[in-house]
2 protein chains.
Amino acid sequence: MNILEKITNELDTLSKSERKVAEVILASPSTVIHSSIAALAKQANISEPTVNRFCRRLDTKGYPDFKLHLAQSLANGTPYVNRHVDENDSAEEYTDKIFESTMASLELARKSLDANDVNRSVDLLTQANKISFFGLGASAIVAHDAQNKFFRFNVPVVYFDDILMQRMSAINSRQGDVVIVISHTGRTKSLVEVASLAKENDATVIGITTKGTPLAKECSIVLTVDVCEDTDLYMPMSSRIAQLALIDVLATGFTLRRGSKFRDNLKKVKDSLRSSRFERKD
Amino acid sequence: MNILEKITNELDTLSKSERKVAEVILASPSTVIHSSIAALAKQANISEPTVNRFCRRLDTKGYPDFKLHLAQSLANGTPYVNRHVDENDSAEEYTDKIFESTMASLELARKSLDANDVNRSVDLLTQANKISFFGLGASAIVAHDAQNKFFRFNVPVVYFDDILMQRMSAINSRQGDVVIVISHTGRTKSLVEVASLAKENDATVIGITTKGTPLAKECSIVLTVDVCEDTDLYMPMSSRIAQLALIDVLATGFTLRRGSKFRDNLKKVKDSLRSSRFERKD
DNA sequence: CTACATTATGAAATAAAATTTCATTTTTTC
DNA sequence: GAAAAAATGAAATTTTATTTCATAATGTAG
């Protein structure tokens, strides 16, 4: 996709002269998009046809077309990357870095999510007799938030951030119940056990976790939320945010599935909150 | 910046023929980047020099340069926009829309945040005798999360999502205490009162809210998190996620300010959690 | 409404840029 | 080390963009 990456990748399939072109481009791509083929050829000490052949080798129609691709690569080049905070960063720097990393993680999480699994999960949720959300630590917040959301839908929903209550609830679950277990690492022993217990009691277990973890193996459906965050070394940050976004997705899917009459009901809940607020003056 | 927006803006400063060009471009910009000046002229039923003049009017060097700008606009054009979910969206569609909207909101929130305020807030937090986080509804989750984070730093921190406890805590606050009040709307009466009470008792009140709300007026520092979300009509989604990102920023600023010895301590907390996990097999 | 000025427009000429052709050089293979 | 294959660049060609300039359209003052 990105032509700069492509150049780097194909660097060894290029001829000697073509590689010279590649190097000049990689050294300063932003200059190149304003150069003519002649200027670039001179810069790389090779002839114009070589530049042209170089462009064609990268599956572009010719030099102008190549420049177009290059321009596009530069435009969205590394938009949101996981940039690590540095010891000496200013407030502005670490603020930007954290926001950007969060956005990068959301992008990643979105890609790791399977729309089919989302769809099946929404199916199960709309048909559930009871919905439970379990999480610990940072994921407890996500479970809490999920309860908040689904509570508005007027469906039986509980959340526990306490190991014992989770176990008890899991043991008392039955067919038709949906248990959503949230854990970024997917390796928290007690949560894996809870998932296993719920499963033994015929509840449907949906996991919100990283691919291939012990927790994932215990679940009927796994909603994969990969975010490349090392919570062993750092505080959980992006992981819980990606999980929350997923909760939004499930809640949205739920309301869509339930149809418009149901959404009128939501409006009522909102209206009932209004008197507790100062009026807006705009 | 974005050339497509620029065209739209300057539409009425253009001549009749030039507007024809603009319309053709706006109708299908992706086609245009692969057209020659002759092709575009023909498409718009005007002459080639007119296209050229059009390009110059938009502060580009000429047609090829214009195409470059256009290509860039298309590359990151409308990167993350707030796209509303539609009744008939598929799981894939609404998943993508929600993730994109969330990212768009984070981008917005970042822009609305003032690094100076962040810096001052971190200052105050590092020097606080006690830190309290107050929120209700969706913002309660944010307060909860904040407590989780700051608890790891081994500083006196509390959180309340209950009106009475918040009031009591606010009344008992004193100089040197920092109270962080979180509310997207900034118009929740009881929270505004709590902020006011804390302020009367000489605590420093930091608000995490939207610009210019009643809550904002009661705060010593306002951390502005604007996200253009109508929580009167919809469930809170992006707002709480942006708030969480801000909590991450504050927590990060806090650890940076406290220096490296302090960070060793964080590692200990993490290590103590390890035995509760399944070992990783990679 | 006319005469003048201003601006807008396109045909044709020119200039610039990119591509193709083909001869020469370099590299590879046997 | 000779023949084949591949790479390269000079020059010609083609394509594309720009400039020039004459004409048309539009606006303005008397």
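Scroll up to find the structure.
Residues numbered from 1 in each chain as written. Chains lettered and ligands numbered in written order. Predicted model: local features only at pLDDT ≥ 70, side-chain atom pairs only at ≥ 80, totals over all residues. Heavy atoms only, no water.

## Section: the overall build of chain A
Moving on, step 1. When you go through chain A residue by residue, the secondary structure sums to 14 helices and 5 strands.
Moving on, step 2. Looking at chain A as a whole, 55% of its 282 residues are labelled buried.
Moving on, step 3. Contacts spanning at least 24 positions in sequence make up 65% of the contacts within chain A whose residues lie at least 6 apart.
Moving on, step 4. Element-wise, carbon and sulfur atoms account for 50% of the exposed surface of chain A, whose accessible area totals about 12900 Å². (Helix = DSSP H or I, 4+ residues; strand = E, 2+ residues; numbered from the N terminus. Buried < 20%, exposed > 50% of the residue type's maximum accessible area, 1.4 Å probe, protein only. Contact = heavy atoms within 4.5 Å. Areas by Shrake-Rupley, 256 points an atom, 1.4 Å probe, with all protein chains shown as cover.)

## Considering a negative patch on the surface
Moving on, step 1. A cluster of like negative charges, contributed by Asp86, Glu92 and Glu93 of chain A together with Asp114 of chain B, occupies part of the molecular surface.
Moving on, step 2. Along the chain, the position of Glu93 of chain A falls in helix α7 (residues 91–112). (Patch = residues over 30% accessible without salt bridge, like charges linked within 9 Å, V, L, I, M, F, W, Y side chains within 5 Å. Salt bridge = Lys/Arg side-chain N within 4 Å of Asp/Glu carboxyl O. Lys, Arg positive; Asp, Glu negative; His and termini not counted. Charge placed at Lys NZ, Arg CZ, Asp CG, Glu CD.)

## Points about the protein's contact with DNA strand D
Moving on, step 1. With respect to spatial proximity, 18 residues lie near DNA strand D, and among them Ser15 and Ser17 of chain A together with Ile37, Asn52 and Arg56 of chain B are the closest.
Moving on, step 2. Taking Ser17 of chain A, its side chain carries an N or O atom lying 2.4 Å from a phosphate oxygen of DNA strand D.
Moving on, step 3. If you list the elements that add at least two residues to the surface near DNA strand D, you get α2 (16–27) and α5 (48–57) of chain A together with α5 (48–57) and α6 (63–76) of chain B.
Moving on, step 4. Broken down by element, the surface near DNA strand D gets its largest block of residues, 4 residues, from α5 of chain B.
Moving on, step 5. A breakdown of the residues in the surface near DNA strand D according to their chemical character gives 6 nonpolar, 7 polar and 5 charged. (Near = heavy atom within 4 Å. Polar contact = N/O pair within 3.5 Å; in protein donor to acceptor, adjacent residues only side chain to side chain. Nonpolar A, V, L, I, M, F, W, Y, C, P; charged D, E, K, R; others polar.)

## Topic: the packing of helix α9 (residues 138–152) of chain A against helix α9 (residues 138–152) of chain B
Moving on, step 1. Where α9 of chain A contacts α9 of chain B, the axes come no closer than 10 Å and their chain directions differ by 170°. Relative to α9 of chain B, the element α9 of chain A is oriented roughly antiparallel. Packed against α9 of chain A, whose contacting residues are Ile141, His144, Asp145 and Asn148 of chain A, the element α9 of chain B presents Ile141, His144, Asp145 and Asn148 of chain B at the interface.
Moving on, step 2. Among the residues forming the contact of α9 of chain A with α9 of chain B, the class breakdown is 2 nonpolar, 4 polar and 2 charged. (Axes fitted to C-alpha atoms, helices over the stretch in contact; angles between N-to-C directions. Parallel < 35°, antiparallel > 145°, perpendicular 65-115°, else oblique.)

## Observations concerning the pairing of strand β1 (residues 130–135) of chain B
Residues and elements named next belong to chain B.
Moving on, step 1. Counting buried positions along β1 yields 5 of 6 residues, so the element is predominantly enclosed.
Moving on, step 2. Pairing analysis gives 6 bridges linking β1 to strand β3 (residues 177–182), with the strands arranged parallel. Note that in β3 the partner of Ser132 across the bridge is Val179.
Moving on, step 3. For β1 and strand β2 (residues 157–160), the ladder comprises 4 bridges, and the chain directions are parallel. What sits directly across from Ser132, in β2, is Val158.
Moving on, step 4. The parallel pair β1 and β2, bridged by α9, forms a crossover whose chirality is right-handed. (Pairing = 2+ DSSP bridges. Right-handed = clockwise from strand over helix to strand, strands pointing away.)

## Let's talk about the nonpolar core
Moving on, step 1. The biggest cluster of nonpolar side chains holds 84 residues, and the ones touching the most others in it are Phe133 and Phe150 of chain A together with Phe133 and Phe150 of chain B.
Moving on, step 2. If sequence neighbours within four positions are ignored, Phe133 of chain B has contacts with Ala143, Ala146, Gln147, Phe150, Val157, Val158, Tyr159, Phe160, Ile180, Ile182 and Ile247 of chain B.
Moving on, step 3. Formed by 46 residues, the second largest nonpolar core is a distinct cluster that contains Ile25 of chain A together with Leu40, Ala44 and Tyr63 of chain B. (Core = buried A, V, L, I, M, F, W, Y, C linked by side-chain atoms within 4.5 Å.)

Nothing here speaks to function; it is geometry throughout.
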